[in-house]
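Chain and residue survey
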Amino acid sequence: MAVSAQLLVQELQIFGLECEEALIERLAELCILYGQNEEGMVGELIAFCTSTHKDCLTSEVLNSFEHEFLSKRLSKAGHTASRDSGHAGARDIVSIQELIEVEEEEETLLNSYTTPSKGSQKRAIATPETPLTKRSVSARSPHQLLSPSSFSPSATPSQKYNSRSNGGEVVTSFGSAQGVSWSGRRGASNVSLKILGSPEPLTRSYKLMFQKLLDIREVLTYKIEELGSELKEHYKIEAFTPLLVPAQEPVTLLGQIGCDSNGKLNHKSVILEGDREHSSGAQIPVDLSELKEYSLFPGQVVVVEGTNTTGRKLVATRLYEGVPLPFHQPTEEAGDSEQIMVLVACGPYTTSDSITFDPLLDLIAVINRDRPDVCILFGPFLDAKHEQVESCLLTSPFEDVFKQCLRTIIEGTRSSGSHLVFVPSLRDVHHEPVYPQPPFSCPDLPREDKKRVQFVSEPCTLSINEVIFGLTSTDLLFHMGAEEISSSSGTSDRFSRILKHILTQRSYYPLYPPQEDVAIDYEHLYACAQLPVTPDVFITPSELRYFVKDVLGCICVNPGRLTKGQVGGTFGRLYIRRQPADSGEGRRSPCAAAQVVRI
C-alpha cells in the first residue's frame, strides 16, 4: 500500500496543523501498518487529539494514538473476525455485549466531531426484553416525521427565512374580509368534493411522447371551428369569408393568431391562420393600425372584421370579444349552503438555500390552528429547480423524499380534520413532466385518511359543495404575459386581460405554441384540460405578484408561492358559500371573502 507524505501534510493543513518531517514519516508508517489511507488516518488522529484535549502533535501523542486507539481497534476487529469465522451462527450474551461496547466507542468517536447537544443522542436498542414501544414509533410530530438529514447531507435551516418578522401579515383582501375570524366550521365529512371533466377528468397515467402530427392538427383545427361556431351564434354572423379571397367590402374572418417568425409576437408580425372549412388552413398577415384597442397572443382564436382588397393582407377594423361559458347552476338536492373555509398554497415548500421544509411545517401549524374545511395544495413538493436537486446532492430517491413529505402533510394535519386536495406540478421532479398531468399515485394511503385526501390532475375542475373551482399549478400568467401584445386608449390591467383570455378561450392552456419547458399532449389537452363551465373561483399560482380579482364574475386568485427564493412567501384563504338554487335573485359570487397572507 503506497502512502503519500505530501497528502498527509495537506490533510493536516486542513485542520491547521503543521509538524516535523520525522512525524510525517511516522504517520505514514502507521498508515501502512494499520491499512488506513491518508484522509482516514488524519481524521482519526484529529478525533483522538480532540477527545484527549491534545493541542499539538508530538511523538508522544503519536505513541499514545497508536497504543490507545489503533492497536485496540485492530485487536477487537481480529477477535471478532476469528469468532465469526469459527462459528458465526451462535453468539452468547458476552459476545453481544462486546459488540455493543464497540459500537458505543465508535459513536463516542463520531460525537467528538459534533457540538454537544442537550441530552443524549444514543440510539435506543430494541431487544426482546426491552422492545420499542408503539408510542415511540407512531406518536411523532411533523418535525419528527420529516427528517431532512435522512436525504440530504447539508440540511441547514435557512437563516433569511427564520429571521423574517412579517409572518401572518395580510397583503391583499377581497370582499368582506375585514374583522373576519378565519377558521373552519364543519368537519371534513360534511364537505362534498367532486371532479368535473370536459368531457372527462384525467384520473390515471397515459403514454407520453406518442403524438402524430395529424392528431395535433385535428385538435387545433377543431378548437378553431368549435369556438368560431360559438362566436358566430352569439354575434349573429351570417357567414365567414375565406382568408385569401379578395373583397372590396368589409369581410368577417375566423382564425387563430400566429407569428410570422420564430421570435416574439409584435404588432407587425401578426398573422391569421384560417380554419380548415372556410380557408383550408391558409395564412394572411394582419395590419392592426386601424384598431384602437386589442389584446392578442399566439394560439388565440378570434373573429376579425376588416378589408382584404388584394387577398394578401387583412386590415383589421374590429375584433370580436370572446364569450365565456355559463356558470354552473347548483341543484336543489345539493343540501344546505353553510359557509366553509378553503386554504390554498403552492410550492416550493423549501427555500432555495435549504432543503429542511421549514415553510411546509409552518403551513401545517397554520392548518392545525385554523382548521380549514378544505386545503388545496399545489406542487412542486420537491422542486426540480432546487439547487440540491439540480446538483444531485440528495442521498435518497426523489420518490422517497416526496413520499416522506406527503406523509408529513397527511399525518401532521390529521387532527384538524381538513380535506386535503393535492395538485401536481410540472416542476415536481419525481412526477411525469407532461401536460395535462395525471394525479399523484399513493397506493399505501392509510385507510383512515382515504375519505379526506384527494389527488387530482393538473389542471382540474373541482366542485366543493357545488362551488366550482378551476385549479392549475402551471404559471399561466407568466407564460401568456411573456407572449401577449396589447394596445389600449386608457389604463388596462395586464392580469385581468390574461385571465379574461383564459375564460373566453375556454381552456386551461390556450397558448400555442407553448413555452419550451411545457410538453403538451394535445389529445389529452382537448379531452381533459378544457373548461366545462366558467368556474366560480379560479386559482392560478404564479411567480408574479399575488392578487384577488373579479374577472367576468369569476373570482381569480393568485396566492403566490409559499417561498420566494430564500425568504418566505404567501398563501391564500377564502370563505365560500353556495347560493341557494331557488333564491330567485341574480347570480352572486359564492366567494364571500378572500385574503392572501404571508407565511
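All values reported here derive from a predicted model rather than from experimental measurement.

1. A short note on the overall build of the chain
From N to C terminus, the chain includes 16 helices and 22 strands. Counting only residues that meet the buried cut, the chain has 46% of its 599 residues in that class. Pairs at least 24 apart in sequence give 74% of the contacts found in the chain among residues at least 6 apart. Taken as a whole, the chain presents about 30300 Å² of accessible surface, with 50% of it coming from carbon and sulfur.

2. A closer look at the packing of aromatic side chains
For any pair of aromatic rings, the description rests on two quantities: the centre-to-centre distance and the angle between the ring planes. A full pass over the atoms with the stated rule returns 15 aromatic pairs. Consider the rings of W182 and Y575, whose centres lie 4.6 Å apart with planes at 5°: the pair is stacked. With W182 in the loop between β1 (170-175) and β2 (193-196) and Y575 in strand β21 (residues 570-576), the pair connects residues that are 393 residues apart, well separated along the chain. Judged by relative accessible area, W182 falls into the buried class, the value being 8%. Relative to F402, the ring of F381 lies with its centre 6.0 Å away and its plane at 65°, an arrangement referred to as edge-to-face.

3. Quick notes on the confidence of the model for the chain
Mean pLDDT over the chain works out to 84, with 84% of the residues at or above the 70 mark. Within the chain, helix α6 (residues 134-138) has the poorest average pLDDT of any element, 39, and strand β16 (residues 537-539) the best, 97. Confidence drops under a pLDDT of 50 for residues 117-139, and excluding neighbours within four residues, the segment shows 9 contacts in the predicted structure.

4. Some details on the packing of helix α14 (residues 476-483) against helix α15 (residues 494-505)
At a closest axis distance of 10 Å, the pairing of α14 and α15 adopts a crossing angle of 100°. Between α14 and α15, the interaxial angle falls into the category roughly perpendicular. Contacts between α14 and α15 involve L476, L477, M480, G481 and A482 from the former and R494, I498, L499, H501 and I502 from the latter. Considered class by class, the residues forming the contact of α14 with α15 number 7 nonpolar, 2 polar and 1 charged.

5. Things to note about the pattern of salt bridges
A complete count under the given rule lists 19 salt bridges for this structure. The partner of D370 in a salt bridge is R369, with the nearest N and O atoms 2.9 Å apart. What makes R369 exposed here is its relative accessible area of 56%.

6. Comments concerning the nonpolar core
Nonpolar side chains in soluble globular proteins generally cluster together in the buried interior. Judged by nonpolar contacts, the single largest core of 36 residues is most densely connected at Y349, L363, F381, I409, F422 and F571. For this core, the elements supplying multiple residues, two or more each, are β9 (340-346), α11 (358-370), β10 (374-378), α13 (398-412), β11 (419-423) and β12 (453-455). With 6 residues, α13 is the single largest residue contributor to this core. Leaving out residues up to four positions away in the same chain, F381 has contacts with Y349, F357, F402, C405, I409, F422, V423, D428 and F440. Listed in part, the 30 residues of the second largest apolar core include I340, I376, V548 and I576.

7. Comments concerning the sheet that holds strand β22 (residues 591-598)
In space, the 7 strands of this open sheet follow the order β1-β22-β21-β9-β10-β11-β12, with mixed pairing throughout. Each edge of the open sheet is held by one strand with a lone partner, namely β1 and β12. Averaged over all neighbouring strand pairs, the angle between strand axes comes to 15°, with direction disregarded. Pairing of β1 with β22, which is carried by 5 bridges, proceeds in the antiparallel orientation.

8. Side note on unusual backbone geometry
Of note, the amide linkage connecting G347 to P348 takes the cis form, showing an omega dihedral of 10°. Note on placement: P348 falls in the loop between β9 and α11. Residue P459 follows E458 across a cis peptide bond; omega there is 0°. Its location among the elements puts P459 in the loop between β12 and β13 (460-464). The phi dihedral of C392 falls on the positive side, at around 55°, and the residue is not glycine. Counting through the fold element by element, C392 comes out in the loop between α12 (387-390) and α13. A positive phi angle, near 60°, is found at R506, a position not held by glycine.

9. Some remarks on α11
Relative to the 18 Å expected for 13 residues at 1.5 Å per residue, α11 spans 19 Å between its end C-alpha atoms, a close match to the ideal helical length. Among all positions in α11, only D358, P359, L360, L361, L363, I364, V366, I367 and D370 are buried.

10. Structural notes on the pairing of strand β3 (residues 247-259)
In the sheet, β3 pairs with strand β7 (residues 301-308) via 7 bridges, with the strands oriented antiparallel. Considered in β7, the bridge of T252 is made with E305. Note: β3 against strand β4 (residues 270-274), 5 bridges, orientation antiparallel. Residue pairing across strands places G255 opposite G274, the latter belonging to β4.

11. Remarks on the sheet that holds strand β8 (residues 314-319)
Judged by pairing direction, the barrel is mixed, and its 5 strands sit side by side in the order β3-β4-β5-β8-β7 before closing back on the first. Strand-to-strand twist across the sheet, computed as the mean angle between neighbouring axes with direction ignored, equals 55°. Sheet topology places β7 next to β8; 4 bridges connect them, and they run antiparallel. Each residue of the ladder has a partner; that of V304, found in β8, is L319. Across the sheet, helix α9 (residues 213-234) lies against β3, β4 and β7, angled at about 135° from β3, the strand it touches most.

12. Considerations on the environment of P590
Inspection of the secondary structure puts P590 in the loop between β21 and β22. Separated by 53 residues in sequence, P590 and V537 have C-alpha atoms that sit 8.4 Å apart. Those residues in contact with P590 that sit more than four places away from it in its chain are V467, D536, Y575, I576, R577 and R578.

13. Observations concerning the pairing of β7
Judged by how many residues are buried, β7 sits mostly within the fold: 6 of 8 residues are covered. Counting the residues between successive antiparallel strands, the hairpin from β7 to β8 contains 5 residues, one of them, G311, with a positive phi of roughly 80°.

What counts as what
- Residues numbered from 1 in each chain as written.
- Predicted model: local features only at pLDDT ≥ 70, side-chain atom pairs only at ≥ 80, totals over all residues.
- Heavy atoms only, no water.
- Helix = DSSP H or I, 4+ residues; strand = E, 2+ residues; numbered from the N terminus.
- Buried < 20%, exposed > 50% of the residue type's maximum accessible area, 1.4 Å probe, protein only.
- Contact = heavy atoms within 4.5 Å.
- Areas by Shrake-Rupley, 256 points an atom, 1.4 Å probe, with all protein chains shown as cover.
- Phe/Tyr/Trp six-rings, centres within 6.5 Å; stacked < 30°, edge-to-face > 60°.
- pLDDT = per-residue confidence, 0-100.
- Axes fitted to C-alpha atoms, helices over the stretch in contact; angles between N-to-C directions.
- Parallel < 35°, antiparallel > 145°, perpendicular 65-115°, else oblique.
- Nonpolar A, V, L, I, M, F, W, Y, C, P; charged D, E, K, R; others polar.
- Salt bridge = Lys/Arg side-chain N within 4 Å of Asp/Glu carboxyl O.
- Core = buried A, V, L, I, M, F, W, Y, C linked by side-chain atoms within 4.5 Å.
- Pairing = 2+ DSSP bridges.
- Expected span 1.5 Å × (residues − 1).

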